[in-house]
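Now for the letters of each chain:
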Amino acid sequence: DDRETRGNELYARPSAYNANISVLTDGRKDVNGSLSIRTVWDNDQRFGWGSTVGVEVKPASWMEYQLEAGYNGVRNQRAWIANEASGGSTMSIFGSRSTHEVNFTLRSTITFTPDLTLQFYGQVFLAKGHYENFRRLIGTTDFVQHNFAGNPDFNSQTLNTNLVLRWEYVPGSTLFFVWSQVRRGGSGDYFRSFADDFGDTFRIRPSNVLLLKVSYWWSL
């Protein structure tokens, strides 16, 4: 791999393996669900697993709601941290990284008429990672211990929402009115709880965008 070290030197990734299983109920029903479980490991010390649960509800023929929650966790993944200059050369510093990710996603579609619909999308995404056992890459596969002075840990919170009104006011001609909001923040405090991170997400100053797009179709 010539990209893991951000172009500094070649790195031989350990062989990796994964297994997945998914269960789905009948999507034609008014209420249906899904469950997926996955795991990943490699020839080094990495081990990870995750799960996603989804529910879809159709209270009426013109109304649909989808809720999904997921978690992914990985322990002891060998990962690049930084490149450091030393004695006229550049060293690639790695560490054992443990990460945790949680997401909650809501989608909905309301069809007022065949020409007028309202769609909503919202997702809270939380991710944090912790590094330890710092070491320097030698060749493509070997490592030696290294004293890394920085703190590469991370803890990020993101909220994305979109609301789209679509109106086909004449055949082939469409108006879109869109509201979009983003909240993005974070710190290097890996050891905060997900409950605190979730609450902090809604206290981040938002960035809002309003967009109007109108198209008209001419028949020539």
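The coordinates are above.
Residues numbered from 1 in each chain as written. Predicted model: local features only at pLDDT ≥ 70, side-chain atom pairs only at ≥ 80, totals over all residues. Heavy atoms only, no water.

A word on the overall build of the chain
Per the secondary structure count, the chain includes one helix and 10 strands. Reading the chain from its N end, one meets helices and strands in the order β-β-β-β-β-β-β-β-β-α-β. Against the 2.2 N^0.38 benchmark of 17 Å for 220 residues, the chain shows a C-alpha radius of gyration of 23 Å, more extended than a compact globule. Counting only C-alpha atoms, the chain reaches 70 × 40 × 40 Å along its principal axes. In the chain, which comprises 220 residues, the proportion classed as buried is 31%. When contacts within the chain are restricted to residue pairs at least 6 apart in sequence, long-range pairs at least 24 apart make up 58% of them. Carbon together with sulfur atoms contributes 56% to the accessible area of the chain, which is approximately 13500 Å² in total. (Helix = DSSP H or I, 4+ residues; strand = E, 2+ residues; numbered from the N terminus. Rg over C-alpha atoms; globule rule 2.2 N^0.38 Å. Buried < 20%, exposed > 50% of the residue type's maximum accessible area, 1.4 Å probe, protein only. Contact = heavy atoms within 4.5 Å. Areas by Shrake-Rupley, 256 points an atom, 1.4 Å probe, with all protein chains shown as cover.)

Regarding a nonpolar patch on the surface
Together, Ile-21, Val-23, Leu-35, Ile-37 and Val-53 make up a nonpolar patch on the protein surface, roughly 420 Å² of accessible area in all. Contributions of two or more residues to the nonpolar patch are made by strand 1 (16–24) and strand 2 (31–42). Mapped onto the fold, Ile-37 is located in strand 2. (Patch = residues over 30% accessible without salt bridge, like charges linked within 9 Å, V, L, I, M, F, W, Y side chains within 5 Å. Salt bridge = Lys/Arg side-chain N within 4 Å of Asp/Glu carboxyl O.)

Some details on the nonpolar core
One finds Ala-79, Ile-81, Ala-82, Met-91, Ile-93, Tyr-131, Phe-134 and Phe-148 forming the largest nonpolar core, which totals eight residues. Broken down by secondary-structure element, the contributors of at least two residues to this core are strand 4 (63–86), strand 5 (89–113) and strand 6 (116–138). Ranked by residue count, the leading element in this core is strand 4, at three residues. When sequence neighbours within four positions are dropped, the list of residues in contact with Ile-93 reads Ala-79, Trp-80, Ile-81, Ala-82, Glu-84, Arg-135, Arg-136, His-146 and Phe-148. (Core = buried A, V, L, I, M, F, W, Y, C linked by side-chain atoms within 4.5 Å.)

Some points on the side chain of Gln-123
With respect to the helices, strands and loops of the structure, Gln-123 is situated in strand 6. A polar contact of 3.1 Å, which involves the side chain of Gln-123, links it to the side chain of Thr-105. (Polar contact = N/O pair within 3.5 Å; in protein donor to acceptor, adjacent residues only side chain to side chain.)

What to know about the environment of Ala-19
Counting through the fold element by element, Ala-19 comes out in strand 1. Ala-19 sits 119 residues away from Ile-138 along the chain, and the two C-alpha atoms are 31 Å apart. Once you skip the residues sitting within four places of it in the chain, Ala-19 turns out to touch Ile-37, Arg-38, Thr-39 and Trp-41.

A word on the environment of Thr-117
Its place among the elements puts Thr-117 in strand 6. Each C-alpha atom, one on Thr-117 and one on Asn-76, is 46 Å from the other, the two residues being 41 residues apart in sequence. Non-local contacts of Thr-117, meaning those with residues more than four positions away in its chain, are made with Ile-110, Thr-111, Val-164, Leu-165 and Arg-166.

Some words on the environment of Ser-219
Along the chain, Ser-219 falls in the segment after strand 10 (207–214). Residues Ser-219 and Gln-145, 74 residues apart in the sequence, show an inter-C-alpha distance of 70 Å.

Some words on unusual backbone geometry
Here the phi dihedral of Asn-76 falls at roughly 55°; this positive angle occurs in a residue that is not glycine. Its place among the elements puts Asn-76 in strand 4. For Asn-76, a relative accessible area of 25% puts it in the partly exposed group. One non-glycine residue with positive phi stands out, namely Asn-133, at about 55°. Mapped onto the fold, Asn-133 is located in strand 6.

Focus on the packing of aromatic side chains
For the structure on display, the rule yields 10 aromatic pairs. Centre to centre, the rings of Tyr-11 and Phe-94 are 4.9 Å apart; their planes meet at 40°, and the pair counts as tilted. A residue pair is termed long-range when its members are at least 10 positions apart, and Tyr-11 in the segment before strand 1 and Phe-94 in strand 5 qualify at 83 residues. Classification of Tyr-11 as buried rests on a relative accessible area of 2%. Here Phe-104 and Phe-198 contribute two aromatic rings whose centre-to-centre distance is 5.8 Å and whose plane-to-plane angle is 80°, an arrangement assigned as edge-to-face. Remark: Phe-198 occurs in helix 1 (residues 194–201) and Phe-104 occurs in strand 5; sequence separation between them is 94 residues. Note on Phe-104: relative accessible area 37%, which makes it partly exposed. Grouped by ring-pair contacts, the aromatic residues Tyr-11, Phe-94 and Phe-143 constitute a single cluster. Here the guanidinium or amino end of Lys-128 rests over the ring plane of Phe-194, the centre of that ring lying 4.5 Å away. Across from the ring centre of Phe-143, 5.3 Å away, lies the NZ or CZ of Arg-135, which sits over that ring. (Phe/Tyr/Trp six-rings, centres within 6.5 Å; stacked < 30°, edge-to-face > 60°. Lys NZ or Arg CZ within 6 Å of the ring centre and 35° of its normal.)

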